[in-house]
There are 2 protein chains.
Amino acid sequence: MRKEILDNYEKDAEVFKALGHPTRLFIVHQLAKEDKCVCELTAMVGDDISTISKHLSVLKNVGIVDYLKKGNQIFYRLKLRCVLDMTVCVDDKRVR
Amino acid sequence: MRKEILDNYEKDAEVFKALGHPTRLFIVHQLAKEDKCVCELTAMVGDDISTISKHLSVLKNVGIVDYLKKGNQIFYRLKLRCVLDMTVCVDDKRVR
DNA sequence: CAAGTATTTGGCTTTTTGGCAAAATAGTAA
DNA sequence: TTACTATTTTGCCAAAAAGCCAAATACTTG
């Protein structure tokens, strides 16, 4: 039974886990508006750029974002836009 | 700026984080079918009952589930049913 | 090529999480 | 009350996550 859990739910859980950090959730919402480079996100959040870079790679590894290179900057882009609907669900709850 | 992130996204992130574990995701899907007591969930998952109890309290603390007592057993119930739609979003992605 | 900017990676420490086992709590029933 | 069952809490340990700094990598430009 353990096996079934791990096989069927692990991938989904990875996505939820990636969204389970306030900074990453903030990043997702910023990228929902428009693509942003790492330095822009770093300036907005205020953490070290290496910290932001690591958050972005967490999001990238589960397919929520991808990126495009422009010159020497890297612009991240929200790829899995349906995660925005997921947040609405959470917000609904909070209102109650 | 840190402040804004923490204040506006921390609550949502807590919910995502609660779903970010395969066992908890499995539990949510079982409860979507019908209420279950801790011992039933324990039997299905195969972990120690104390481990299951902790997973349930994580889900309860963020409002995803609640429970009702019946005799000496405690039946957990899926309260925030919209999380099921959230999973669909994830599955959509995986198909691609 | 060297210098400068942007980003990622590695190393390190601190904090959090997950799991089990044992003790504590709650409820039932003899 | 005692015994029994169900669940939670506590303590402990190992593993994973988060964050910063420094080093490495990538790209541009002089």
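This structure is a prediction, so every number in the text was calculated from the model and none was measured. (Residues numbered from 1 in each chain as written. Chains lettered and ligands numbered in written order. Predicted model: local features only at pLDDT ≥ 70, side-chain atom pairs only at ≥ 80, totals over all residues. Heavy atoms only, no water.)

Chemist: Can you help me understand the state of the cysteines in this one?
Modeler: Note on terminology: a disulfide is the covalent bond linking the sulfur atoms of two cysteines. One pass over the full model with this rule turns up two disulfides over all chains. Disulfide partner of Cys82 of chain A: Cys89 of chain B, at an S-S distance of 2.0 Å. Given an S-S torsion of about 65°, the disulfide between Cys82 of chain A and Cys89 of chain B has right-handed geometry. With Cys82 of chain A in the loop between β3 (73–78) and α5 (83–95) and Cys89 of chain B in helix α5 (residues 83–95), this pair bridges two chains. (Disulfide = S-S within 2.5 Å. Helix = DSSP H or I, 4+ residues; strand = E, 2+ residues; numbered from the N terminus.)

Chemist: Help me out: how do you make sense of the protein's contact with DNA strand C in this one?
Modeler: Near DNA strand C lie 23 residues; those nearest to it are Cys39, Ser53, Lys54 and Tyr76 of chain A together with His55 of chain B. Considering DNA strand C, the proportion of its atoms within 4 Å of the protein that are sugar or phosphate atoms stands at 64%. With respect to DNA strand C, the side chain of Lys54 of chain A contributes an N or O atom lying 2.8 Å from a base oxygen. Within the contact set of DNA strand C, a phosphate oxygen lies 3.2 Å away from a side-chain nitrogen or oxygen of Arg24 of chain B. Going through the elements one at a time, α3 (38–45), α4 (49–61) and β3 of chain A together with α4 (49–61) of chain B are the ones with two or more residues in the surface near DNA strand C. When grouped by side-chain class, the residues that make up the surface near DNA strand C number six nonpolar, 10 polar and seven charged. (Near = heavy atom within 4 Å. Polar contact = N/O pair within 3.5 Å; in protein donor to acceptor, adjacent residues only side chain to side chain. Nonpolar A, V, L, I, M, F, W, Y, C, P; charged D, E, K, R; others polar.)

Chemist: Just checking my understanding: could you explain the pattern of salt bridges for this structure?
Modeler: Opposite charge on two side chains permits pairing when their charged atoms draw close. All names here are of chain B. Applying the stated criterion across every chain, the model contains six salt bridges over all chains. Between Glu14 and Lys17 there is a salt bridge, and its shortest N-O distance comes to 3.6 Å. Highlighted residues: Glu14 and Lys17, both in helix α1 (residues 2–19), separated by three residues, approximately one helical turn. For Glu14, a relative accessible area of 34% puts it in the partly exposed group. (Salt bridge = Lys/Arg side-chain N within 4 Å of Asp/Glu carboxyl O. Buried < 20%, exposed > 50% of the residue type's maximum accessible area, 1.4 Å probe, protein only.)

Chemist: Would you mind showing me how to read the side chain of His55 of chain A here?
Modeler: Position of His55 of chain A relative to the elements: it lies in helix α4. Leaving out residues up to four positions away in the same chain, His55 of chain A has contacts with His21, Thr23, Arg24 and Ile27 of chain A. (Contact = heavy atoms within 4.5 Å.)

Chemist: Even after reading the chapter, I still don't get the packing of helix α2 (residues 22–33) of chain B against helix α3 (residues 38–45) of chain B, so can you show me in this structure?
Modeler: Angle between the axes and distance between the axes are the two parameters that describe a pair of packed helices. Residue and element names in this part refer to chain B. Two elements in contact, α2 and α3, have axes whose closest approach is 11 Å; the angle formed by their N-to-C orientations is 125°. With respect to α3, the axis of α2 lies oblique. Of the two possible hands of crossing, α2 and α3 adopt the one that is right-handed. Contacts between α2 and α3 involve Thr23, Phe26, Ile27, Gln30 and Leu31 from the first element and Leu41, Met44 and Val45 from the second. Here the contact of α2 with α3 is built from residues that sort into six nonpolar, two polar and no charged. (Axes fitted to C-alpha atoms, helices over the stretch in contact; angles between N-to-C directions. Parallel < 35°, antiparallel > 145°, perpendicular 65-115°, else oblique. Left-handed = near helix turned anticlockwise from the far one by under 90°.)

Chemist: What exactly am I supposed to notice about the side chain of Arg24 of chain A here?
Modeler: All names here are of chain A. Within the secondary structure, Arg24 sits in helix α2 (residues 22–33). It turns out Arg24 is buried and unbridged, and the closest side chain with the opposite charge, Glu14, is 9.0 Å from it. Ignoring anything within four residues of it in the chain, the contact list for Arg24 reads Lys17, Ala18, His55, Val58 and Leu59. (Lys, Arg positive; Asp, Glu negative; His and termini not counted.)

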